[in-house]
Amino acid sequence: MGKPAASSSIDIYLRLRPVARPSNFVEVDPDDQKIAFNIPRELAAGYVNNQRENYEFHFNGIIGMEAKQDEVFERVARPACLGSLEGINSTIFAYGQTGSGKTFTITGGPERYVDRGIIPRSISMIFTELSSRTDSQFSVHISYLEIYNDTGYDLLDPNRDVKMLEDLPKVSMLEDEDGNIHMRNLSMHRAQTEEDALNLLFLGDTNRTISETPMNMASSRSHCIFTLNIEAREGGKDIVKRSKLNLVDLAGSERVSKTNVDGTTLAEAKYINLSLHYLEQVIIALQEKSMGKSGRHIPYRNSMMTTVLRDSLGGNCKTTMIATVTTRNDQIDESISTCRFAQRVAMVSNKVMVNEELDPTLVIRRLKAEIKDLKEEIRILNGGEEERGPLTPDELARMRDTIVAYCQDPHPEAALSIGGTMMFIKAAFQIFKELANKGGGGVGSGGDKSGGGSGGGDDSDTIRKLKLQVQHRDNEIGILVSMLKKLHGGGKEGGAPLALPTSLGNAPALAAAARSGASRA
C-alpha cells in the first residue's frame, strides 16, 4: 500500500574539483547554473575540420571549487535524508572520471573532521532527527555492498577475518514473482545510535578495494552502495512506513589509451567501463521511453550494478546525481563526456510515492488489547463476577424444565428468565432447537382441542384431560335436559314428546334442539 505516485525527474548537480591551473576553455556561470566549454579548433586537422567548438550544459545546481563539504550536503543530500524519514525511497550517486572527487564527495576525506562526506553527514542528520521525533518509533538497518568486477561482496560481514577481498561472502541476486530484487548473503545490521552506524561505515571502508592508478593514488576500483533501511511506526496507528536511502559511489571511468595501465588494473578498468556503459544504455533507454517511444526494452539485467539500481533509475525513488569534473586542459574531453551523461540522466522520470502499509503485527496487537478491554467490560456488567466454566448438567436440566414450563403456559404474559450471560442464552437456544426437532417435546399438547392427538407427548396425561372434558360436557347436557323437560311440561301447543340425545357425540344436535324449543316457547 502506498500513496499515489508522483512523477519526478532526477536532479543533477555539477561539482568542480579544485585544481591549481584551471582551463581557460571552461566558463562557469553559477547564477544561470550552467557551464560552457569553448574549445579552439585544431589547426593541424586542415581546412576540412568538423570539430565542435562550443558546448553548454545546464544543471539544477553548480558547486564551485571553493565549496565546502557542508555546503554540498545541505544542497544535495539534506532533502533526500528528510524524504527517507517520511517513507520515500531516495538515492544519491556520484558519477565522473577517475580522480574527479567522487569518493571525497560521498565518503569524505580521512584526515580532517570538516572533510566528512555525504554518508557520515547523512548518518548524523538522520539520528539527530530521530531523537527529536518522539511521536514515532524508528528502526535503522544498514547494509554495505561492493561490486568489484561485476561480482557483489558484503563489506559488513562480521563472521570472518578479512585479509583479502575473496574472504568476503559473495552476494547473489534473486528476483521474486513480483519483480522485486533480493540480495542473498548481504547482511543487514541494526544501528541504534549514530556511533553504531559510523562504526559500520568504517568497517566497510576498511574492506573496500582501492589501488593506485596514474590518475589517482588511492582510486576506488569498485562500485559501492551504502544503504540505510528506515522503518517508522507512528504511535496509535497500524501503518508502518519503510524507505531506503542509497548512497552510491561509482567507480570512475578512465581512458586506457591515456593511462596505459596493464595487468590487474587493466582488467579492473575494463569491468568498470563496461558496467558504466551498461548504465548509459539504461539511461538512454529510459530517455527514449520518456519521449514516448513505447516498447523500448530497459536493459537492467546487463550488469549487477544496473540491476541493483533499478528502482533508482525509472522506479519508485527520488534520485539525485552529482557529476564530478576536472577543469584541467588535459581532462576536457572526459569532463564534456560526464556532462553529456548528466544531461541524459536529467531526462529520466521516476515515480515517487510514500511507502506505507498496514503492519500485521501492530494490527494483531491492537485487536488483542481490544479483546482484553471488552472482556473486562463484560465482567463489570456481570456484577464483577469472574469468568466461569461451562454449565453443569444440573443447570442444564433446570433450564430445560423452565423452558418446557414456559412453552406450556397458555398465559399471554408468561415470562422466561434464564440468566443474563451469553453462555446461558446460547444454552437456551440449544434447548429450544432440540425441542423443535422432537416435534414439540410435550410443548403445548394441552391446548390441542381439534385433532385429539398427542403429537408425540405423554398419552396418559392427554387421556386424563380428555376424560375430564367429557365429564364437563355430560354435566352441561344434564342441565340442558332438565331445562327442556320443564319447558315441555308447561303444556305448549304441538308439545309432542322431544327425543333428546344423551351421548357426547350428539352434543351439537342437542344444542340445536334446545335452541329450537326455546324459540317455540
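Under the annotation held in an unreviewed UniProt entry, the protein carries the name Kinesin-like protein and is attributed to Tetraselmis chuii. The record held by UniProt for the protein lists under Sequence similarities (unreviewed entry) the comment "Belongs to the TRAFAC class myosin-kinesin ATPase superfamily. Kinesin family."

Draft legend 1. Fine view of the overall build of the protein. The secondary structure content of the protein amounts to 13 helices and 19 strands. Burial statistics for the protein: of 521 residues in total, 39% are counted as buried. Relative to all contacts within the protein whose residues are 6 or more apart in sequence, the contacts with residues 24 or more apart total 70%. Summing over all exposed atoms, the protein offers an accessible surface of approximately 30000 Å²; the carbon and sulfur share of this is 52%.

Draft legend 2. Spotlight on the nonpolar core. Residues Leu14, Ile35, Phe37, Phe59, Leu279 and Met321 are the most contacted members of the largest nonpolar core, which totals 45 residues. For this core, the element with the most residues is helix H6 (residues 263-290), which contributes 7 residues. Here Ile35 is in contact with Leu14, Leu16, Val26, Glu27, Val28, Tyr55, Glu56, Phe57, Phe59, Ile62 and Cys339, once residues within four sequence places are set aside. Within the second largest apolar cluster, 41 residues are counted, among which are Ile63, Ala77, Cys81 and Ile106.

Draft legend 3. Seen up close, the sheet that holds strand E5 (residues 54-58). In space, the 3 strands of this open sheet follow the order E3-E4-E5, with antiparallel pairing throughout. Edge strands, defined here as strands with exactly one partner in the open sheet, are strand E3 (26-29) and E5. Neighbour to neighbour, the strand axes of the sheet diverge by 15 degrees on average, direction disregarded. Bridge analysis of strand E4 (residues 34-38) against E5 gives 5 bridges, and the strand direction is antiparallel. By the bridge assignment for E5, Asn38 is matched with Asn54.

Draft legend 4. Geometry of the packing of aromatic side chains. One pass over the structure, following the stated rule, counts 4 aromatic pairs. Aromatic pair Phe37 and Phe57: ring centres 6.1 Å apart, planes at 70 degrees, arrangement edge-to-face. A residue pair is termed long-range when its members are at least 10 positions apart, and Phe37 in strand E4 and Phe57 in strand E5 qualify at 20 residues. Across the pair, exposure class does not vary: Phe37 and Phe57 are buried alike. Seen from their ring centres, Tyr95 and Phe341 are 4.1 Å apart, and the 20 degrees between their planes marks the pair as stacked. Within this pair, whereas Tyr95 is found in strand E7 (residues 90-96), its partner Phe341 is found in helix H8 (residues 332-346), the two being separated by 246 residues in sequence. Each of the two residues, Tyr95 as well as Phe341, counts as buried.

Draft legend 5. Structural context of the confidence of the model for the protein. Looking at the protein as a whole, the pLDDT averages 80, with 79% of positions reaching at least 70. The least confident element of the protein is helix H13 (residues 507-520), whose mean pLDDT is 45; the most confident is helix H3 (residues 118-132), at 95.

Draft legend 6. View of unusual backbone geometry. Phi is positive for Gln33, close to 55 degrees, though the residue is something other than glycine. Its identity is not glycine, yet Asn185 carries a phi of approximately 75 degrees, on the positive side. Looking at the secondary structure, you find Asn185 in the loop between strand E11 (181-184) and strand E12 (189-190).

Parameters at a glance
- Residues numbered from 1 in each chain as written.
- Predicted model: local features only at pLDDT ≥ 70, side-chain atom pairs only at ≥ 80, totals over all residues.
- Heavy atoms only, no water.
- UniProt positions renumbered as here; feature names shortened; annotations may be inferred.
- Helix = DSSP H or I, 4+ residues; strand = E, 2+ residues; numbered from the N terminus.
- Buried < 20%, exposed > 50% of the residue type's maximum accessible area, 1.4 Å probe, protein only.
- Contact = heavy atoms within 4.5 Å.
- Areas by Shrake-Rupley, 256 points an atom, 1.4 Å probe, with all protein chains shown as cover.
- Core = buried A, V, L, I, M, F, W, Y, C linked by side-chain atoms within 4.5 Å.
- Pairing = 2+ DSSP bridges.
- Axes fitted to C-alpha atoms, helices over the stretch in contact; angles between N-to-C directions.
- Phe/Tyr/Trp six-rings, centres within 6.5 Å; stacked < 30°, edge-to-face > 60°.
- pLDDT = per-residue confidence, 0-100.

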